[in-house]
Amino acid sequence: MNESVEKPVEKDRLVGRSVSRREDPRLLTGRGRFVDDIALPGMLHAQFVRSTVAHGEITSIDLTAVRDVPGVVAAFTADDLELTDITAHLGRPITEFVPTAMPVLARDRVRYVGEPVAIVVARDAYAVEDGLEAAKVSYAVLPPVTSEEAALAPGAPLVHEEAAHNTLVDVSLFGTDGIDAIFDAAACVVHVESRTGRQNALPLETRGVVAHWDDREEQLVLQTCTQVPHQVRTVASRCLRLDERAVRVVVPDMGGGFGQKCVVGREEIAAAAAALRLHRPVKWIEDRKDALSASFLAREQHYDVRAAFDAQGRILGLDADVVCDMGAYSCYPFTAGIEPLMASAEMPGVYKVPAYRVRGRAVTTNKAPTAPYRGVSRPQYVMVVERLFERAARELGLDAVEIRRRNVITEFPYTGVNSITYDPGSYLESLDLCERLVKDEGWYEKRSAAAAAGRHIGIGYSCFSERTGYGSAAFAQRKMRVVPGFDISEVRMDTSGAVTVTTGTMSHGQSHETTMAQIVADELGLDINKVRLHQGDTERITYGWGTFASRSITVGGSAVRLAAAKLGEKLCKIAAARWEAAPDDVRLADGGARHRDGRVLTYEELADVAYLQAHLLPKDIEPGLSATATFDVFNDGTFSNATHGVVVELHEGTGQVEILRYVCVEDCGVAINPQVVEGQCRGGIAQGIAGALFEQVTYDAQGEPSATSFMDYKVPTAHEIPDVLIHHLETPCAFTETGAKGAGEGGTIGAPAAVLNAVNDALRPTGVELDHTPITPETVHRALNLELSS
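Predicted model only: the values in this text are computed from it and were never measured.

Help me out: how do you make sense of the overall build of the protein in this one?
Check the secondary structure of the protein and you find 21 helices and 31 strands. Taking 28 Å as the expected radius of gyration for a compact globule of 790 residues, we find that the protein reaches 27 Å, a close match to that expectation. Classification of the 790 residues of the protein by burial places 62% in the buried group. Taking the intrachain contacts of the protein between residues at least 6 apart in sequence as the baseline, contacts between residues at least 24 apart amount to 80%. Of the roughly 29100 Å² of accessible surface on the protein, a fraction of 50% belongs to carbon and sulfur atoms. In the protein, the 79 positive side-chain charges and the 108 negative ones have mean positions that sit 2 Å from each other.

Given below as structure tokens:
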């Protein structure tokens with residue numbers, strides 16, 4: 001069974017306690033409400049005519065027969081809808097960044113198989129599929145670019161005419177003077193070239209929207225599953241040429257996002273445009289084939305990295321070239337720079353790297369565009385750096401954990417060669433504890449015994465940090481034209497003493513209804529059942545950047561705590577005024593205000609004064625009980641950290657990689673709800689294992705995706721995901737109001753490196769080393785057979 005070690009918590013505090021998830025009764029009994037559950041009177045169904053070629057000019061679109069199909073109500077092309085394009089920008093010179101416009105529906109050219117060309121709207125989901133089959137689109141096929149190498153080859157066809165060499169981003173953020181001399185004089189120089197497979201974030205709920213016009217409010221209402229409702233509102237209003245006030249985005253329950261839904265998609269905008277044209281509600285639900293092949297993908301990256309070490313195993317320098325295949329378009333608002341800029345800025349990670357040079361590029365190819373996916377480049381660069389340390393340990397005759405021990409950051413705050421200042425963490429402590437837990441379970445002895453018996457067991461580690469709590473300053477360093485960062489929260493108490501909280505974050509499985517309520521209940525001394533969270537509604541929420549990059553508790557939770565504290569101050573002032581006492585003599589606990597002499601005013605009594613008896617309030621206190629606060633992180637963010645330890649066995653006959661044990665020692669600062677943190681860790685580890693061993697989207701020479709169903713796209717099941725021992729460390733963060741750091745992405749970041757290192761440890765007798773993922777059974781089988789035949 002899964003295990004964890006949880007810290008003791010103060011008896012009366014909710015923060016730090018594994019409070020039962022408040023979402024579960026609704027979701028587990030089938031009372032959740034997702035986009036596909038929504039049915040409005042007169043609602044129509046939409047699907048998209050999609051490109052069947054990877055690269056080509058559109059010579060004709062004939063929808064005549066489509067409109068004649070029984071049940072089809074309308075069919076529209078780009079010319080019919082006249083929408084503006086979606087274009088993401090960086091504030092960088094054209095030599096570093098090339099913006100590319102993404103039309104809502106392709107007009108003159110298609111750039112990947114599955115690109116939407118037209119929208120068909122019908123009375124039901126069956127008629128709309130019949131309508132798609134009747135569409136006739138002709139193309140003048142152009143040579144496709146289906147790989148990074150093909151994109152960068154001299155004379156390669158251009159995916160976008162404005163992007164020379166098919167390069168959207170080309171930046172060299174760091175270049176330490178004299179780095180070449182450092183490498184020339186080093187006792188040990190190791191090299192790793194690594195490629196990672198293209199993946200799908202694969203949320204259980206595919207993308208979707210229900211769009212309708214509300215005559216009373218004069219608003220276009222989009223009920224959609226998105227992590228960033230306010231950004232969807234902004235793009236929709238601009239594409240449709242509406243005032244932003246005239247667009248309302250509402251997010252019901254959401255079945256996962258993982259980054260795929262933190263960008264603005266084209267289909268939601270097209271469905272909204274159709275609803276406006278037809279004056280009827282329109283629903284679009286992405287089918288699984290489109291989700292696998294034509295939705296936003298992620299991860300395909302190529303690293304060519306060298307590291308220099310002295311004779312004692314201390315790292316002297318890092319020299320990296322990073323190329324990310326971003327597909328056909330930049331995503332909004334992050335652009336194609338999201339992955340190479342992340343990798344370039346943060347690659348030194350938990351290690352004291354004194355010299356650093358990096359070039360980061362984003363290339364465009366005739367594949368579905370990419371979006372951020374849980375971890376965003378960190379699973380890839382952590383894997384590469386951890387492979388460098390493993391290789392250097394072997395070259396220098398050092399233990400693989402000891403070489404890390406000599407290089408991890410131990411003194412804080414620490415400003416790295418990448419100009420990032422790291423807040424205090426437990427890098428060495430997590431490494432030492434993870435190794436001890438693996439040793440205490442006897443796995444080193446089991447590995448030796450297995451080798452004597454002809455079995456192949458390996459042990460691998462990864463030590464890493466997760467930069468979280470990105471504020472406006474951190475995003476501005478990337479020169480984003482749209483700069484996320486802050487969050488706004490309102491906490492409002494009604495006359496019954498119940499509290500409503502708003503947040504600009506958006507839960508898609510992270511238990512915000514529970515964790516935000518814990519923060520407010522602690523701050524106000526209130527029963528958690530009296531707290532209700534509102535999120536994901538642009539009409540109710542002043543503004544918000546949504547949920548990504550583990551920002552919900554670090555930034556959103558901090559805003560919530562500040563707003564609750566402001567409301568608490570007002571409650572204390574009202575109580576003090578009623579008692580003719582000093583506010584400092586009042587504290588909030590057990591559902592009311594309590595004077596040090598024992599007098600009590602319940603929240604219901606205080607609310608009566610604030611709302612129903614306002615004449616009793618002092619002149620300096622306004623009627624009502626509400627408070628609003630904002631929060632931003634103005635330094636370089638916060639840094640969670642962890643060490644993962646993995647034990648694997650390789651099976652000769654099948655090449656299967658079986659994970660025998662998984663240990664995670666994590667430090668996300670104050671864990672608001674340890675059970676939720678563990679869920680995030682385990683879910684992230686599952687996705688990291690998926691990338692390490694199973695999942696990959698591939699293409700043929702014509703740019704046709706070859707993994708369009710679960711028959712071809714290999715997803716691990718519960719059988720392949722191991723039990724996980726989680727041990728919590730706690731280094732409270734000084735930069736957030738709750739002491740919390742982010743916990744959403746760490747599992748995914750650490751898993752690929754730890755699994756790959758364990759596989760290589762098991763392969764050590766063969767002399768074969770693997771540096772690419774996913775690690776297929778065929779690859780392992782060949783490596784083991786090499787040993788057996790030698």
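Looking at this structure, I do not really get the packing of aromatic side chains. What am I missing?
Here a ring pair, both rings aromatic, is described through the centre-centre distance and the interplanar angle of the planes. Taken as a whole and judged by the stated rule, the model has 14 aromatic pairs. Between Tyr 112 and Tyr 329, the ring centres sit 6.4 Å apart and the planes meet at 75°, which makes this aromatic pair edge-to-face. Linking Tyr 112 in the loop between strand E7 (109-110) and strand E8 (116-122) with Tyr 329 in the loop between strand E17 (315-325) and helix H10 (338-346), this pair joins segments that are 217 residues apart in sequence. Ring centres of Phe 334 and Phe 548 lie 5.2 Å apart, and the angle between their planes is 80°; this geometry places the pair in the edge-to-face category. Remark: Phe 548 occurs in the loop between strand E24 (531-534) and helix H17 (552-579) and Phe 334 occurs in the loop between E17 and H10; sequence separation between them is 214 residues.

Could you clarify how one ought to interpret the pattern of salt bridges in this entry?
Side-chain pairing between opposite charges can occur once the charged atoms of the two side chains come close. Enumeration over the complete set of coordinates arrives at 57 salt bridges. For Glu 513, the salt bridge identified is with Arg 26, shortest N-O distance 3.0 Å. Here Arg 26 lies in helix H1 (residues 24-28) and Glu 513 lies in helix H16 (residues 512-524), a separation of 487 residues in the sequence. Each member of the pair, Glu 513 as well as Arg 26, is classed as buried. We note a salt bridge from Asp 85 to Arg 107, for which the minimum N-O separation is 2.9 Å. With Asp 85 in the loop between helix H3 (78-81) and strand E5 (86-87) and Arg 107 in the loop between strand E6 (101-102) and E7, this residue pair connects regions lying 22 residues apart in the sequence. Here the residues in one salt-bridge network are Arg 387, Arg 391, Arg 394, Glu 395, Glu 769 and Asp 771, joined through shared partners.

I would appreciate a short explanation of the sheet that holds strand E3 (residues 56-62) in the present structure.
Hydrogen bonds between backbone groups are what pair the strands of a sheet, and the pairing can be parallel or antiparallel. Reading across from one edge, E7-E3-E9 is the order of the 3 strands in this open sheet, with antiparallel pairing throughout. Each edge of the sheet is formed by a strand with only one pairing partner; in this case those strands are E7 and strand E9 (136-141).

Is there a simple way to think about the nonpolar core in this case?
Ranked by size, the top nonpolar core spans 120 residues in total, and within it Phe 309, Leu 318, Met 347, Val 648, Leu 650, Tyr 662 and Val 759 carry the most contacts. When residues no more than four places from it in sequence are discounted, the contact partners of Tyr 662 are His 644, Gly 645, Val 646, Ile 685, Ile 689, Pro 722, Asp 723, Val 724, Leu 725, Gly 750, Ala 751 and Ala 754. In this structure, Leu 105, Leu 202, Ala 272 and Ala 275 belong to the second largest nonpolar core, which totals 49 residues.

Is there a simple way to explain the environment of Gly 703 in this structure?
Here Gly 703 lies in the loop between helix H19 (674-693) and strand E31 (724-729). Distance in space between the C-alpha atoms of Gly 703 and Tyr 112 is 7.3 Å, their sequence separation being 591 residues.

I keep staring at the sheet that holds E8 and nothing clicks. Help me out?
The strand order across the open sheet formed by 7 strands is E4-E8-E2-E15-E12-E13-E14, and the pairing between neighbours is mixed. Where the open sheet ends on each side, the last strands, each with one partner, are strand E4 (72-77) and strand E14 (247-250). Each strand of the sheet is rotated relative to its neighbour by a mean of 25°, with strand direction disregarded. This element, helix H4 (residues 125-133), spans strand E2 (44-50), E4 and E8 of the sheet and lies at about 25° to E2. Contacting strand E13 (219-224) and E14, helix H7 (residues 229-239) runs over the sheet at an angle of about 150° to E14.

I keep staring at the side chain of Arg 207 and nothing clicks. Help me out?
Relative to the helices and strands, Arg 207 resides in the loop between strand E11 (188-196) and strand E12 (208-214). We classify Arg 207 as buried; its relative accessible area is 3%. Looking at Arg 207, its side chain comes within polar contact range of the side chain of Glu 267, at 3.1 Å. At 3.2 Å, the side chain of Arg 207 forms a polar contact with the side chain of Ser 295. With residues up to four places along the chain from it excluded, the contact list for Arg 207 reads Cys 225, Gln 260, Lys 261, Gly 265, Glu 267, Glu 268, Trp 284, Ile 285, Glu 286, Ser 295 and Phe 296.

I tried to follow the side chain of Gln 47 on my own but got confused; where do I start?
With respect to the helices, strands and loops of the structure, Gln 47 is situated in strand E2. Residue Gln 47 is classed as buried on the basis of its relative accessible area of 8%. If we skip the residues at most four places from it in the chain, Gln 47 touches Ala 118, Ile 119, Val 120, Val 128, Glu 129, Leu 132, Trp 284, Ile 285 and Asp 290.

In this structure, what is going on with H4? I would like to understand it.
Because the α-helix completes a turn every 3.6 residues, residues three or four places apart line up on one side. Every buried residue of H4 is listed here: Ala 127, Val 128, Gly 131 and Leu 132. The arc that holds every buried residue of H4, seen down its axis, measures 145°, which confines them to one face. The outward face of H4, more than 90 degrees from its buried face, is lined by the exposed residues Tyr 126 and Glu 133. Buried-residue contacts for H4 involve E2, helix H2 (64-67), E4 and E8. The residue sitting at the N-terminus of H4 and contributing the capping side-chain oxygen is Asp 124; that oxygen lies 2.9 Å from the backbone nitrogen of Tyr 126.

Quick question: what am I supposed to make of the pairing of strand E29 (residues 638-650) here?
Within a regular strand, side chains alternate between the sheet's two faces. Within E29, 13 of the 13 residues are buried, leaving the element largely enclosed by the surrounding structure. Looking at chain direction, strand E21 (residues 456-468) and E29 are connected through 13 bridges and run antiparallel. Paired with His 456 across the two strands is Leu 650, which belongs to E29. Taken together, the 10 bridges between E29 and strand E30 (residues 657-667) define a ladder with antiparallel strand orientation. When the bridges of E30 are listed, Asn 641 appears paired with Asp 667. The antiparallel hairpin formed by E29 and E30 contains 6 residues in its connecting segment, where Gly 655 sits at a positive phi of about 75°.

Sorry, what's going on with the packing of helix H13 (residues 427-440) against helix H14 (residues 443-452) here?
A pair of packed helices is captured by two measures, namely the crossing angle of their axes and the spacing between those axes. Two elements in contact, H13 and H14, have axes whose closest approach is 6 Å; the angle formed by their N-to-C orientations is 55°. When the interaxial angle is binned, H13 and H14 end up oblique. Side by side, H13 and H14 meet where Glu 435, Val 438 and Lys 439 of the first sit next to Trp 443, Tyr 444 and Glu 445 of the second. By residue class, the composition of the contact of H13 with H14 is 3 nonpolar, no polar and 3 charged.

What counts, and at which threshold
- Residues numbered from 1 in each chain as written.
- Predicted model: local features only at pLDDT ≥ 70, side-chain atom pairs only at ≥ 80, totals over all residues.
- Heavy atoms only, no water.
- Helix = DSSP H or I, 4+ residues; strand = E, 2+ residues; numbered from the N terminus.
- Rg over C-alpha atoms; globule rule 2.2 N^0.38 Å.
- Buried < 20%, exposed > 50% of the residue type's maximum accessible area, 1.4 Å probe, protein only.
- Contact = heavy atoms within 4.5 Å.
- Areas by Shrake-Rupley, 256 points an atom, 1.4 Å probe, with all protein chains shown as cover.
- Lys, Arg positive; Asp, Glu negative; His and termini not counted.
- Charge placed at Lys NZ, Arg CZ, Asp CG, Glu CD.
- Phe/Tyr/Trp six-rings, centres within 6.5 Å; stacked < 30°, edge-to-face > 60°.
- Salt bridge = Lys/Arg side-chain N within 4 Å of Asp/Glu carboxyl O.
- Pairing = 2+ DSSP bridges.
- Core = buried A, V, L, I, M, F, W, Y, C linked by side-chain atoms within 4.5 Å.
- Axes fitted to C-alpha atoms, helices over the stretch in contact; angles between N-to-C directions.
- Polar contact = N/O pair within 3.5 Å; in protein donor to acceptor, adjacent residues only side chain to side chain.
- Arc of directions from axis to C-beta.
- Parallel < 35°, antiparallel > 145°, perpendicular 65-115°, else oblique.
- Nonpolar A, V, L, I, M, F, W, Y, C, P; charged D, E, K, R; others polar.

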